[in-house]
Amino acid sequence: MALLVDKHRPRSLDQLTYHKDLSERLRSLAQSGDFPHLLVYGPSGAGKKTRIVATLKELYGPGVEKIKIDSRVFQTTSNRKLEFNIVASVYHLEITPSDVGIYDRVVVQDLLKEVAQTQQVDQSAKQRFKVVVINEADHLTRDAQAALRRTMEKYSPNLRLILLANSTANIIAPIRSRTLLVRVAAPTELEICEVLAKSGKKEGFLAARELEKRIAKESGRNLRRALLMYEAVHAQNEKVSDDTPIPPPDWEALIGVVAQEIMAEHSPARILQVRAKLYDLLTHCIPPTTILKTLTFKLIPLIDDALKADVIKWAAFYEHRIRMGTKVIFHLEAFVAKFMRILEEYLMGMDF
Amino acid sequence: MAGFFDIKARKEAAAANGGSTKTAPTKDTNRLQPWVEKYRPKSLSDVTAQDHTITVLQRTLQSSNLPHMLFYGPPGTGKTSTVLALAKELYGPELMKSRVLELNASDERGISIVREKVKDFARMQLSNPSPGYRDLYPCPPYKIIILDEADSMTQDAQSALRRTMETYSKITRFCLICNYVTRIIDPLASRCSKFRFKSLDQGNAKKRVEEIAQKEGVRLEEGAADTLIRCSEGDLRKAITFLQSAARLVGAVSVQKDEDAMEVDEDDKEGNVVTVKSIEGIAGVIPQDTIDKLVNAMQPRSKGLVYEAVAKVVTDMVADGWSATQVVTQLFQSILYNESIPDIQKNKITLVFSEVDKRLVDGSDEHLTILDLALRISNILAGA
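Nothing here was measured: the structure is a model prediction, and the numbers come from that model.

**What to know about the overall build of chain A**
Helix and strand counts for chain A stand at 14 helices and seven strands. Its C-alpha atoms put chain A at 75 × 55 × 35 Å along the principal axes. In chain A, which comprises 352 residues, the share counted as buried stands at 54%. Restricting the contact set of chain A to residue pairs at least 6 apart, pairs at least 24 apart contribute 71%. Here chain A has roughly 16500 Å² of accessible surface; of this, 53% comes from carbon and sulfur atoms. Side chains of chain A carry 51 positive and 43 negative charges; the gap between the two charge centres is 6 Å.

Written as structure tokens, this is what we have:
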């Protein structure tokens, strides 16, 4: 029993429901014979991957859907062995080099060269080149990105790259100038509603317009999340109506509690209590950035307008610290402490 | 199996014989090539807009002596193209393989490689070209080692080069290429004569882009070439990539595998014109009214309203997937040229921009960072 997200994922460019002009562009690229390197970026849940898979199908036909998982071993210069998983079809490879952390350069160099230096064997193949899809390209190290540069030019007859990223900020300029940038915007709330309704109809769920609208709003224009929420609501309730509550994910509820606690009392003792909860979140593998962001946006509605800019300022500041530092709990707690102090100052009407 | 090798050998021979005329097999691959590769300068005189460097290099061509070289400059200014063109003019196609070693960041370039591969190649004695060949190309008595993207070499590897460069200087010349000359260690830099590749000026870049467009049969809308140059910020490679993508989008329809497909293709393209808008779309430039919306939201008014307005615009921008660096760049432009903002406020705002840019490069969360930027600017605008 597959999740709705997977079950109703569009398989070809025709089935995509929104960004019609983008689909059209991808189709004309795929048919033009000289497919460029692509850098596809956009927020998560916008449908980047879906579009890429559909484009690949347009390029090579249904053969790309027969995929197998390969496990390969790479050796670093210091003789460390790296296990690395590759999803591959006859025509394309899909890799996530950030899996191996700082050794991604080795994988990128070895693997891409190997692919690039072998020609397409299958004579009946539609295209002469193979496509390598690189997931999470914005997490590639500088070294790995530098390694890509010349490879992209030198082996272009045999190899096309599709890079998937959340933002182009971390992609070095030389790579950006070698690729065609494709922006995939998140669907609007209206578009999400349409998708939910369509999906619900296929499953035989009862239509509930208001509920769909609320889910679309709650999801923050993230289609994947919206579909998961939609499924969760239907799984938990026998019969759904327009005012069925949407259960928030556990971690979000917990962060909500943390926000309430911080607001209620400003004392070292309270920080200790909050610390336990933060640790709890971290041990459940909630990314620290998500914790900080969710916490900030939960706090914002609770505080006075005059403070909002300040809180955002410090949230951004500590988020940066989290990125730079190694021990995230310090920075999360620092934010909590800072917030308490700002609020206290404001309430006392004092200025230090 | 033997037949297979035969074909390969024959092809090579054919390519070598007709040095100036392109043979059939290359034409086929050309069509699939990115235009950046296709229009890479074939000779030194083709290189666009680096007059000073080219004059110096052309003079060395005649004197048949070459210093070690260090090319540096921003991406897309023709560094790699220049050295490849130089090597081609010096050695011709036949000797290129045995006389030139090209290593770039996609090759393993740790200290061991410098010790083995580079040293072995540097040490290798020269082969003699046939007398007839010598009339065509100067074939000077040294080899060239091109170390592309040398700024991503480790310090150790760089220092291992030092002595190698001197010891084998009789038969080997090095050419280092990098973006940032500061990342090359001093002892290496002092052994090379440095050539700075400046960012291309508008006129030259435009000429080149228009030339390529004409050759490919792409028609440009009035002002499209200027937009291309503006969006690419002096990076010619970017401009050409944009041009090709734009041409594909408006014109590329069906491509047959036949030989005469070229003509059919061109006929199709002539019907369509590359517009300014399509170029902006490809370059990822944010439409001006989106930026204006953000600027408007930042205008001072009562505190609560500012936050609501800014938060809404920023959330929409992030969801639309605009890249944060692009937002920062364009917002900066828009504020810098806004006459109604007093200089003292611009000063303060610039400081904020610098900090935000650093954070984005470090990989901070885009949503929070942009929100912070917008709120802080609006705070400064309000006169705080």
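Now that the structure has been shown, we can carry on.
**Here's the deal with the side chain of Thr290(B)**
Position of Thr290(B) relative to the elements: it lies in helix 15 (residues 288-298). Among residues more than four places away in sequence, those in contact with Thr290(B) are Met317(B) and Trp322(B).

**Let's talk about helix 7 (residues 189-203) of chain A**
Each α-helix winds once per 3.6 residues, and so residues spaced three or four apart point in a common direction. Residues and elements named next belong to chain A. Helix length check: helix 7, at 15 residues, gives a terminal C-alpha distance of 21 Å against a target of 21 Å (1.5 Å per residue), a fit within 8%. Packing partners of the buried residues in helix 7 comprise helix 1 (4-7), helix 8 (209-218) and helix 9 (223-236). Phi turns positive, to about 80°, at glycine 204, one or two residues after helix 7.

**Focus: the pairing of strand 4 (residues 172-178) of chain B**
Residues and elements named next belong to chain B. Judged by how many residues are buried, strand 4 sits mostly within the fold: seven of seven residues are covered. Along strand 4, one buried face is formed by Thr172, Phe174, Leu176 and Cys178 and the opposite face, lined by Arg173, Cys175 and Ile177, is buried too. Across four bridges, strand 1 (residues 69-72) lies against strand 4 in parallel orientation. Bridged to methionine 69 within strand 4 is cysteine 175. Strand direction decides the pairing type here: strand 3 (residues 143-147) and strand 4, joined by five bridges, are parallel. Across the sheet, the residue bridging to isoleucine 145 is phenylalanine 174, located in strand 4. Crossover strand 3 to strand 4 through helix 8 (residues 155-167) is right-handed.

**So, the sheet that holds strand 3 of chain B**
All names here are of chain B. Reading across the sheet, the five strands line up as 2-3-4-1-5 and stay open at both edges, with parallel pairing between neighbours. Unpaired on one side and paired on the other, strand 2 (100-103) and strand 5 (193-196) mark the two borders of the sheet. Strand-to-strand twist across the sheet, computed as the mean angle between neighbouring axes with direction ignored, equals 15°. Of the pairings in the sheet, the one linking strand 2 to strand 3 comprises four bridges and is parallel in character. What sits directly across from leucine 103, in strand 3, is leucine 147. Sitting on the sheet, helix 6 (residues 111-123) touches strand 2, strand 3 and strand 4, and the angle it makes with strand 3 is about 155°.

**Quick word on the interface of chain B and chain A**
Facing 59 residues of chain B, the contacting portion of chain A comprises 60 residues. Both sides together, the interface formed by chain B and chain A hides about 5400 Å², and carbon and sulfur atoms give 53% of it. Run the count over chain B and chain A and you get five salt bridges. Across the pair Glu308(B) and Lys308(A) runs a salt bridge whose closest N-O atoms are separated by 3.7 Å. Linking chain B with chain A are seven residue pairs in polar contact (both at pLDDT 80 or more), by the criterion used here. When its residues are assigned to classes, the side of chain B that touches chain A shows 19 nonpolar, 16 polar and 24 charged.

**Looking at the sheet that holds strand 3 (residues 81-88) of chain A**
Residues and elements named next belong to chain A. Read across the open sheet, the seven strands follow the order 2-3-4-5-6-1-7; overall the sheet is mixed. One side of each edge strand has no neighbouring strand; the edge strands of this open sheet are strand 2 (68-75) and strand 7 (180-183). Direction aside, neighbouring strands of the sheet carry axes that sit 25° apart on average. Two elements, strand 1 (residues 38-41) and strand 6 (residues 159-165), share four bridges in a ladder whose sense is parallel. The residue bridging valine 40 from the neighbouring strand is leucine 164, located in strand 6.

**Describing unusual backbone geometry**
Of note in this structure, His19(A) is not a glycine but carries a positive phi near 55°. Following the sequence through the fold, His19(A) ends up in the loop between helix 1 and helix 2 (20-31).

**Digging into the pattern of salt bridges**
The tally for this structure, following the rule as stated, stands at 36 salt bridges over all chains. A salt bridge links Glu355(B) to Arg359(B); the nearest nitrogen and oxygen atoms lie 2.8 Å apart. Here Arg359(B) and Glu355(B) lie together in helix 18 (residues 343-361), a separation of four residues that amounts to about one turn. On the basis of relative accessibility, which here comes to 32%, the residue Glu355(B) falls in the partly exposed class. Each member of the salt-bridge network shares a partner with another, and the members are Asp14(A), Glu24(A), Arg27(A) and Glu58(A).

**Overview of the domain arrangement of chain A**
According to the domain assignment, chain A contains domain 1 (4-183), domain 2 (189-236) and domain 3 (250-348). Between the C-alpha centres of domain 2 of chain A and domain 3 of chain A the distance comes to 30 Å.

**Here we look at a nonpolar patch on the surface**
All names here are of chain A. On the surface, Tyr346, Leu347 and Met348 cluster together into a nonpolar patch covering about 330 Å² of accessible area. Relative to the helices and strands, tyrosine 346 is located in helix 14 (residues 328-348). Residue classification places tyrosine 346 among the partly exposed positions, given a relative accessible area of 36%.

**Concerning helix 10 (residues 250-264) of chain A**
Taking 1.5 Å of rise per residue, 15 residues should cover 21 Å, and helix 10 of chain A covers 21 Å from first to last C-alpha, within 8% of that figure. Looking at the buried residues of helix 10 of chain A, the elements they touch are helix 9, helix 11 (268-283), helix 12 (288-299) and helix 14 of chain A.

Criteria and cut-off values
- The numbering scheme is per chain: residues are counted from 1 as the chain's sequence reads.
- In the order they appear in the text, chains get letters beginning with A and ligands get numbers beginning with 1.
- Local features in this predicted model are restricted to residues of pLDDT 70 or higher, and side-chain atom pairs are both shown and tallied only at a pLDDT of 80 or more, whereas totals for entire chains, interfaces and linings draw on every residue.
- For the side-chain quantities, the full set of heavy atoms in the structure was used; hydrogens and water were omitted.
- Secondary structure counts use DSSP, requiring at least four H or I residues in a row for a helix and at least two E residues in a row for a strand, with both numbered from the N terminus.
- Partly exposed residues are those whose accessible area sits between 20% and 50% of the maximum for their type, while under 20% is buried and over 50% is exposed, using a 1.4 Å probe and protein chains only.
- Residue contacts are defined here by distance: any two heavy atoms, one from each residue, within 4.5 Å place the two residues in contact.
- Accessibility throughout is a Shrake-Rupley quantity obtained with a 1.4 Å probe, and a residue counts as covered only by protein chains that appear here.
- Neither His nor the chain ends is counted toward charge; the positive residues are Lys and Arg and the negative residues Asp and Glu.
- Just so you know, the charge point we use is NZ for Lys, CZ for Arg, CG for Asp and CD for Glu.
- Given a helix with a known number of residues, its expected span is that number minus one, times 1.5 Å.
- Strands are labelled as partners when DSSP assigns at least two bridges between them.
- A right-handed crossover is one whose linking path, passing over the helix from the first strand to the second, runs clockwise when the strands point away from the viewer.
- With axes taken as lines fitted to C-alpha atoms, and helix axes fitted only over the stretch in contact, angles between N-to-C directions fall between 0 and 180 degrees.
- The quantity reported as buried area is the accessible area (1.4 Å probe) lost by two parts once they are put together, taken as the sum for both.
- Any Lys or Arg side-chain nitrogen found within 4 Å of a carboxyl oxygen on Asp or Glu counts as a salt bridge.
- N or O atoms within 3.5 Å of each other form a polar contact, as long as, within protein, one can give a hydrogen and the other can take it, and as long as residues adjacent in sequence are counted only when both atoms are side-chain atoms.
- When residue character is reported, Ala, Val, Leu, Ile, Met, Phe, Trp, Tyr, Cys and Pro are called nonpolar, Asp, Glu, Lys and Arg charged, and the others, Gly included, polar.
- In this entry, domain limits derive from an automatic or database-based domain assignment.
- Patches here are clusters of residues that have more than 30% relative accessible area and form no salt bridge, with a 9 Å joining cutoff for like charges and a 5 Å cutoff for nonpolar side chains (Val, Leu, Ile, Met, Phe, Trp, Tyr).

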